[in-house]
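Structural description and commentary
The residues making up each chain are set out below.
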Protein chains: 2
Amino acid sequence: MTPSAARQLFRDGLRTPTAGWCRGWTQANLLAVPSSLAYDLLLFAQRNPRACPVLDVGEPGAFRTEIFAGDLRTDLPGYRVYEDGVPVADLSDVTRIWRADLVPFLIGCSFTFEDALLRAGVPMRHLEAGTNVPMYVTSVPCRPAGALAGPLVVSMRPVPAALVATAVKITSRYPAVHGAPVHVGDPAAIGVADLAAPDFGDPVPLHPGDVPLFWACGVTPQAAVMAGGIRFAIGHLPGHMAITDVRDHEFDVA
Amino acid sequence: MTPSAARQLFRDGLRTPTAGWCRGWTQANLLAVPSSLAYDLLLFAQRNPRACPVLDVGEPGAFRTEIFAGDLRTDLPGYRVYEDGVPVADLSDVTRIWRADLVPFLIGCSFTFEDALLRAGVPMRHLEAGTNVPMYVTSVPCRPAGALAGPLVVSMRPVPAALVATAVKITSRYPAVHGAPVHVGDPAAIGVADLAAPDFGDPVPLHPGDVPLFWACGVTPQAAVMAGGIRFAIGHLPGHMAITDVRDHEFDVA
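Residues numbered from 1 in each chain as written. Chains lettered and ligands numbered in written order. Predicted model: local features only at pLDDT ≥ 70, side-chain atom pairs only at ≥ 80, totals over all residues.

This next bit is on the relation of the copies chain A and chain B. Note on the chain copies: they are related by a rotation about an axis and a translation along it. Take chain A, turn it by 180 degrees, move it 0.0 Å along the axis, and it overlays chain B with an RMSD of 0.0 Å. Seen this way, the second copy is the image of the first under a two-fold rotation axis. Residue Tyr39(A) of chain A places its C-alpha closer to the rotation axis than any other residue of that unit, at 2.6 Å. Take the interface residues of chain A: 100% of them recur as interface residues in chain B, which is what a same-surface contact looks like. (Least-squares fit on C-alpha atoms with pLDDT ≥ 70 in both. Contact = placed C-beta atoms within 7 Å.)

Given below as structure tokens:
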């Protein structure tokens, strides 16, 4: 399916996680913040590049960017709205609340390298299960920037032990979509108490011999919006990404 | 030599290009702009990541950053000061004109991967000649951001034809310090009329069989300061870099 066909479905109201959609096309996290916060967010991203690899930033009020030809207010399958750092609504359309001073950020998403992993024979357990990827708030602090500070959020994929090196090697070639894992193995080491209870997305079963691999996640700036009590922001609903018009391989540095 | 020892020499007044200095330590371009321009510069960098890979951004008025333990006002071997987009002075010390609202940006420099190239047997002609690397203003436009727009600036290294692939492969692993070449071969294709007349730095001889390789250069944002007629900015003197306290290999993604 092409990105524009998928966006049409979402615009028509389909709410679904986008893992596995539009294979080969880059998916992105959305975070739109008032222009007064745009520098802090851009600096937060620069200081936490593994969690917040910025793919594109729109002009204030714009609902298109160079890499996203759709309408950022309607063409994602889900949005989360924040007021004073608190999620106040999950919506399918944010046209009516899209303010003229909102600056949209598109941030790389690890769904982007799943196609490369699959091609290398690394199974994607959440795709096999037909569920959203599990995401966890860790005990690892981000480097603050202005009003933004908070914990690193990670996505987790179980990988058979024999394929861990392959998964690391392949994803390291994609720094623009989170790159190599930030952690391999013991969840407790990064403050994740229970893999069965993700903070976002769905739990996913580990098969015997699977090792949990954790990648920095583009939900991290939404966690910073919450921790910072930011007045107003619109993000994507975790796992419900912006499907862009850029091919995955554009972000392969190898 | 350690970065702090080199910085002491520069602080004491030594003015020299830093190519070949402190092998294994990361070198950086400096551009300090008033805080009112900081968002535009950070966005310009995001939109032109090959030319402007941001390594660190300081707080307004700060003359240290997390990766640079020295004094940014004295510890570079040369500075270039801009007023209304015009270079008005080359100085060895900018303490007296460092304003409280200046935001210092440290931007990756291709000197960083020269050590990896040398270890792979790729000769560095400008190091052999003991001169600064040649830099050229190209006809390739950058993607604008706010008040900043301008041409891409490149550095050039002649590489023996048999080693071009090696040089591309190695430098592609260092996206944070400009990554792979933006152009290989014919200078005219990117608007460089005469290799013997660089816009910054020194000309360097091509040996028989050498191919000119061009890398995006961190002087690019200084070109944008000029093209944009920016009121006030302080950059490094081209080739006279900030030597940071970070090791080169931290920026190797492979």
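Having seen it, we continue.
Bringing the sheet that holds strand β9 (residues 210-216) of chain A into the picture now. Note on sheets: strands pair through backbone hydrogen bonds, and any given pair is parallel or antiparallel. Residue and element names in this part refer to chain A. The four strands are arranged β6-β7-β9-β8 in an open sheet whose pairing can be described as antiparallel. The two strands at the open ends of the sheet, each matched to only one other strand, are β6 (135-141) and β8 (183-184). Bridge count between β8 and β9: two bridges; the pairing is antiparallel. In the sheet register, Val-184 faces β9, and the bridge partner there is Leu-213. (Pairing = 2+ DSSP bridges. Helix = DSSP H or I, 4+ residues; strand = E, 2+ residues; numbered from the N terminus.)

Residue and element names in this part refer to chain B. Summarising the element assignment, Gln-27 is placed in strand β1 (residues 25-34). When the 29 C-beta atoms within 10 Å are taken as the criterion, Gln-27 is described as buried. In this structure the C-alpha to C-alpha distance between Gln-27 and Ile-243, which are 216 residues apart in sequence, comes to 4.5 Å. Excluding residues within four positions of it along the chain, Gln-27 makes contact with Thr-18, Cys-109, Phe-111, Thr-112, Met-241, Ala-242, Ile-243 and Thr-244. (Buried ≥ 20, exposed ≤ 12 C-beta atoms within 10 Å, placed from the backbone.)

Residues and elements named next belong to chain B. With antiparallel pairing, four strands are arranged side by side in an open sheet as β6-β7-β9-β8. Sheet topology places β6 (135-141) and β8 (183-184) at the edges, where each strand pairs with a single neighbour. For β6 and strand β7 (residues 151-160), the ladder comprises four bridges, and the chain directions are antiparallel. Directly across from Met-135, in β7, lies its bridge partner Ser-155. Lying on the sheet, helix α5 (residues 164-172) is in contact with β7, β8 and β9 (210-216); it crosses β9 at an angle near 15 degrees. Packing of helix α6 (residues 220-227) onto the sheet brings it into contact with β6, β7 and β9, and relative to β7 it is tilted by some 150 degrees. (Axes fitted to C-alpha atoms, helices over the stretch in contact; angles between N-to-C directions.)

Looking now at the domain arrangement of chain A. Residue and element names in this part refer to chain A. For chain A, the assigned domains are domain 1 (3-110 + 228-249) and domain 2 (113-216). Using C-alpha coordinates to define each centre, domain 1 is positioned 21 Å away from domain 2. Opposite the 24 residues of domain 1 that make contact, domain 2 presents 29 residues. Counting residues per element, the side of domain 1 that touches domain 2 draws most heavily on helix α2 (residues 35-47), at six residues. Residue classes in the side of domain 1 that touches domain 2 are distributed as 12 nonpolar, seven polar and five charged. (Domains from an automatic or database assignment. Nonpolar A, V, L, I, M, F, W, Y, C, P; charged D, E, K, R; others polar.)

So, about the interface of chain A and chain B. Counting residues at the interface gives 12 residues for chain A and 12 residues for chain B. Looking at the side of chain A that touches chain B, the elements with two or more residues in it are α2 and β2 (54-57) of chain A. With five residues, the single largest contributor to the side of chain A that touches chain B is α2(A). For the side of chain A that touches chain B, the class distribution of residues is nine nonpolar, three polar and no charged.

Leu42(A) and Leu42(B) are the most contacted members of the largest nonpolar core, which has 149 residues in total. What Leu42(A) contacts, discounting residues up to four positions off in sequence, is Val54(A), Val57(A), Tyr39(B), Leu42(B), Leu43(B) and Gln46(B). (Core = buried A, V, L, I, M, F, W, Y, C linked by C-beta atoms within 7 Å.)

A word on the packing of α2(A) against helix α2 (residues 35-47) of chain B. For the pair α2(A) and α2(B), the least separation of the axes is 10 Å and the interaxial angle reads 45 degrees. Between α2(A) and α2(B), the angle is such that the two are oblique. The two elements α2(A) and α2(B) meet at a crossing, and its hand is left-handed. In contact with Ala38(A), Tyr39(A), Leu42(A), Leu43(A) and Gln46(A) of α2(A), α2(B) contributes Ala38(B), Tyr39(B), Leu42(B), Leu43(B) and Gln46(B). Classifying every residue of the contact of α2(A) with α2(B) gives eight nonpolar, two polar and no charged. (Parallel < 35°, antiparallel > 145°, perpendicular 65-115°, else oblique. Left-handed = near helix turned anticlockwise from the far one by under 90°.)

Time to look at unusual backbone geometry. Although it is not a glycine, Cys22(A) adopts a positive phi angle of roughly 50 degrees. Position of Cys22(A) relative to the elements: it lies in the loop between α1 (3-11) and β1 (25-34). You will see that His178(B), though not glycine, has its phi angle at about 95 degrees, which is positive. Looking at where His178(B) falls in the secondary structure, it is placed in the loop between α5 and β8. Judged by C-beta crowding, with 28 C-beta atoms within 10 Å, His178(B) ranks as buried.

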